[in-house]
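Coordinate inspection notes
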Amino acid sequence: MIMFNYGIDTLTVDKVIAITKKELKAGLNEQAMNNINTCRAKVNKMAASDKAVYGINTGFGPLCDTQISPEETSLLQKNLLITHAVGVGNPIDKFLSKIMLITKVHALSQGFSGVRLEVVERIIYFIENDLLPVVPEQGSVGASGDLAPLSHLFLPLFGEGDFWVDNEIKPAKEVLESHHLDPIELSSKEGLGLINGTQFILAHAINGLKKMEYLLDLADVAGAMSLEGFQGSASPFKKELHEIRPFKGNIKVAERMRMLLHDSQNLHSHSNNTCDRVQDPYSIRCMPQVHGASRNAYAHLKELAEIEMNSVTDNPIVLSDTEAISGGNFHGQPLAMALDYATIATAELGNIADRRCYLLLEGKYGLPRLLTTAGGLNSGFMIPQYTTAALVTENKSLCFPPSADSVPTSMGQEDHVSMGSISGRKFNQVLGNLEKIFAIEFMYAAQAMEFRRPNTFSEIIEHNFSLIRSKVDKLEEDRILKDDINALIKLVREQAFKTA
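So, here is what we can say about the structure in this document. None of these values were measured; they are calculated from a predicted model. (Residues numbered from 1 in each chain as written. Predicted model: local features only at pLDDT ≥ 70, side-chain atom pairs only at ≥ 80, totals over all residues. Heavy atoms only, no water.)

**Here's the deal with the overall build of the protein**
Just so we agree on the cut-off: Counting from the N terminus, the helices are the DSSP runs of H or I reaching at least four residues and the strands are the DSSP runs of E reaching at least two. Only protein chains enter the accessibility calculation, which uses a 1.4 Å probe; a residue whose area is less than 20% of its type maximum is buried, one above 50% is exposed, and one in between is partly exposed. Contacts were defined at the residue level, with two residues in contact if any of their heavy atoms lie within 4.5 Å. Values of accessible area rely on a 1.4 Å probe in the Shrake-Rupley scheme; residue burial ignores everything except the protein chains shown. Counted as positive: Lys and Arg. Counted as negative: Asp and Glu. His and the chain ends are not counted at all. Here the site of a charge means atom NZ of a Lys, CZ of an Arg, CG of an Asp or CD of a Glu.
A count of helices and strands for the protein gives 18 helices and 9 strands. Overall size of the protein, expressed as C-alpha extent along the three principal axes, is 90 × 50 × 45 Å. Per-residue burial over the protein gives 56% buried out of 500 residues. Contacts in the protein between residues at least 24 apart in sequence constitute 79% of all its contacts with a sequence separation of at least 6. Carbon together with sulfur atoms contributes 53% to the accessible area of the protein, which is approximately 20,900 Å² in total. One way to put it: in the protein the 48 positive side-chain charges average out to a point 6 Å from where the 60 negative ones average out.

Now the structure itself:
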């Protein structure tokens, strides 16, 4: 039974992820099929006309003034994909290829692209049977959409390119034959409908948003555990303080910190050593402001991504029997700028986490230097902070905004491009580095908390402390820490920590 109707219902980040995991059944209902067929009839009428209509009976880009005969239409569309399939670099994760297919089907099914029903149904077959095309990661400038990645994504429709089969790459022709599928011969407008669009940028945004949602919550957990290790104060998280500067992200983080620190026996206000410090350093005290700002950036990107995934982003857009508007819905700038903003926001979560790690090493307020009581012979936790420092700087270097750049293409016809594909890829790189930074912060925080016993912490903090200790023992004397770090990275990536 279809639970989501392509082209009709509204996609969200969670729904896209659910479709990829086959937790949500998606397909075409009668209304969507009618919309696709109606639009196709309009394209057929224009294709048979003597009037030049861009992308239907003309060449592309700077060749838009060259009219193509009806007999040459199919070859023109096939050539379009073949000539634009010039991506280089490693293949993107097949999960991203699947998101691209899902979001493209949703756009095509709205009835403005002119692609035939059989083409849309074939793409749906690919999705449902995990026939996921191999797409190189580099080559898109983000306008006219993601031309190179989308060309690679749809070469397999007519037996070119490659598929993932489990974790192997196999020729599309061979895979189609194994499924008893004939290659599809593309018709007028279909090549443009398939490769114009922002689905590569969008897939990276969706994937990154899903990771970032968890990592935002995890930032609060890691920060709360570091606060407990530092024996900091909960007073900067009071509700009244944030009501007079009511940024949504700040209010949310302060609320979460109160939840994470609830019923702790360990907070600074409960301890006796109150005379030697009046306030905590910013990395402890300003978590609502810093983590909250990153939450605001996440909310902005999510809003724009969900507009984009429910939009039609190819070109030209078919509006009537006689009108196909050549516009700029394929331009990736709306997502590119928001992705760059979210990349900076993600990097800042790592930046403040590294500062908390450093703080726990300083040997203040009852903690031993380098979190070891056997310093000298033992270096304790001195060196993992070098790794967080390296990761933080790598993330900073990835924060240059590709959307601020543009290189003209297509003989100047496409003279301003978004570079949003690079923005999307860098966003996910920074998220991957952040996972590693949090793993190290958890290792530090757990060690610091050992020196606060027999104090107890909130139920959620105790749960996560026990999870860490199930993989990483307290450090008594120096040992190789690589395996400990990797074990915690695995927990972060598997989203095993309890966050609420």
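**Some details on the nonpolar core**
Rule in force here: Among the buried residues, those of types Ala, Val, Leu, Ile, Met, Phe, Trp, Tyr and Cys that are joined through side-chain atoms within 4.5 Å form a nonpolar core.
Y6 and I123 are the most contacted members of the largest nonpolar core, which has 130 residues in total. A per-element tally of this core places helix α9 (residues 199-230) first, with 19 residues. Contacts of Y6, omitting those with residues within four sequence positions, involve I19, A26, G27, L28, A32, I102, V105, H106, S109, I124 and I127. Residues C39, I56, V318 and A324 belong to the second largest nonpolar core, which totals 8 residues.

**Comments concerning the side chain of T388**
One can find T388 in helix α15 (residues 384-397). Judged by relative accessible area, which is 0%, T388 ranks as buried.

**Quick word on the packing of helix α13 (residues 287-308) against helix α14 (residues 333-361)**
For any two helices packed against each other, one specifies the inter-axial angle together with the distance between the axes. Spelled out, the test is: Each axis is a line fitted through C-alpha atoms, and for a helix only the stretch in contact is used; angles between axes span 0 to 180 degrees, taken between their N-to-C directions. Oblique is the label for any angle not covered by the other classes, which are roughly parallel (under 35 degrees), roughly antiparallel (over 145) and roughly perpendicular (65 to 115). Helix crossings are classified by the rotation of the near helix relative to the far one: an anticlockwise turn of less than a right angle makes the crossing left-handed, while a clockwise turn makes it right-handed.
One way to put it is that α13 packs onto α14 with a least axis distance of 9 Å and a crossing angle of 155°. As summarised for this structure, α13 and α14 are arranged roughly antiparallel, according to the angle between their axes. Of the two elements, α13 crosses α14, and the hand of that crossing is left-handed. Contacts between α13 and α14 pair M287, V290, H291, A293, S294, N296, A297, H300, L301, L304, A305 and E308 from the former with P334, L335, A338, L339, Y341, A342, A345, E348, L349, I352 and R356 from the latter.

**Focus: a nonpolar patch on the surface**
How we decide: Like-charged residues are merged into a patch within 9 Å and nonpolar side chains (Val, Leu, Ile, Met, Phe, Trp, Tyr) within 5 Å, provided each residue has over 30% relative accessible area and no salt bridge. Each reported salt bridge corresponds to a side-chain nitrogen of Lys or Arg within 4 Å of a carboxyl oxygen of Asp or Glu.
Nonpolar side chains collect at one region of the surface, where F112, L319 and I325 lie side by side and expose about 230 Å² of accessible area between them. Mapped onto the elements of the fold, I325 is located in strand β9 (residues 324-325). Given a relative accessible area of 37%, I325 falls into the partly exposed group.

**Some thoughts on the environment of S418**
Our working rule: Between N or O atoms, a polar contact is any pair within 3.5 Å; within protein, one atom must be a potential hydrogen donor and the other a potential acceptor, and residues adjacent in sequence are included only when both atoms are from side chains.
If you trace the backbone, S418 turns up in the loop between α15 and α16 (420-450). Classification of S418 by relative accessible area gives buried; the value is 0%. Sequence separation of S418 and N315 is 103 residues, and the distance between their C-alpha atoms is 16 Å. Non-local contacts of S418, meaning those with residues more than four positions away in its chain, are made with V141, G142, A143, I201, H331, G332, Q333, A336, P402, S403 and D405. A distance of 3.0 Å separates the side chain of S418 from the backbone nitrogen of G420, its partner in a polar contact.

**A few points about unusual backbone geometry**
With an omega of 5°, the peptide bond running from A143 to S144 counts as cis. For S144, the location among the structural elements is in the loop between β5 (136-138) and α6 (147-154). A cis amide bond links N315 to the next residue, P316, at an omega of -5°. Examined against the element boundaries, P316 turns out to sit in the loop between α13 and β8 (317-318). The phi dihedral of D166 is positive, around 55°, even though this residue is not glycine. With respect to the helices and strands, D166 occurs in the loop between β6 (162-165) and β7 (168-171). A relative accessible area of 64% means that D166 is categorised as exposed.

**Notes on the sheet that holds β6**
The condition is simple: Two strands make a pair as long as DSSP finds a minimum of two bridges between them.
With antiparallel pairing, the 3 strands of this open sheet are ordered in space as β4-β6-β7. The strands lining the two open edges of the sheet, one partner per strand, are β4 (132-133) and β7. Sheet topology note: the β4/β6 ladder contains 2 bridges and is antiparallel. Bridge assignment links L132 to a residue of β6, and that residue is W164.

**A word on α15**
Condition: Working rule for helices: expected span equals 1.5 Å times residues minus one. Starting at the helix axis, one direction is taken to each C-beta atom, and the arc is that of these directions.
The end-to-end C-alpha distance of α15, which contains 14 residues, comes to 20 Å, matching closely the 20 Å that a straight helix rising 1.5 Å per residue would cover. What α15 keeps buried is the set P384, Q385, T388, L391, V392 and N395. Projected down its long axis, α15 carries its buried residues within an arc of 115°, all on one side. The exposed residues of α15 that point more than 90 degrees off its buried face are Y386 and S397. Elements in contact with the buried residues of α15: α14 and α16.

None of the figures reported here should be taken as evidence of function without further support.
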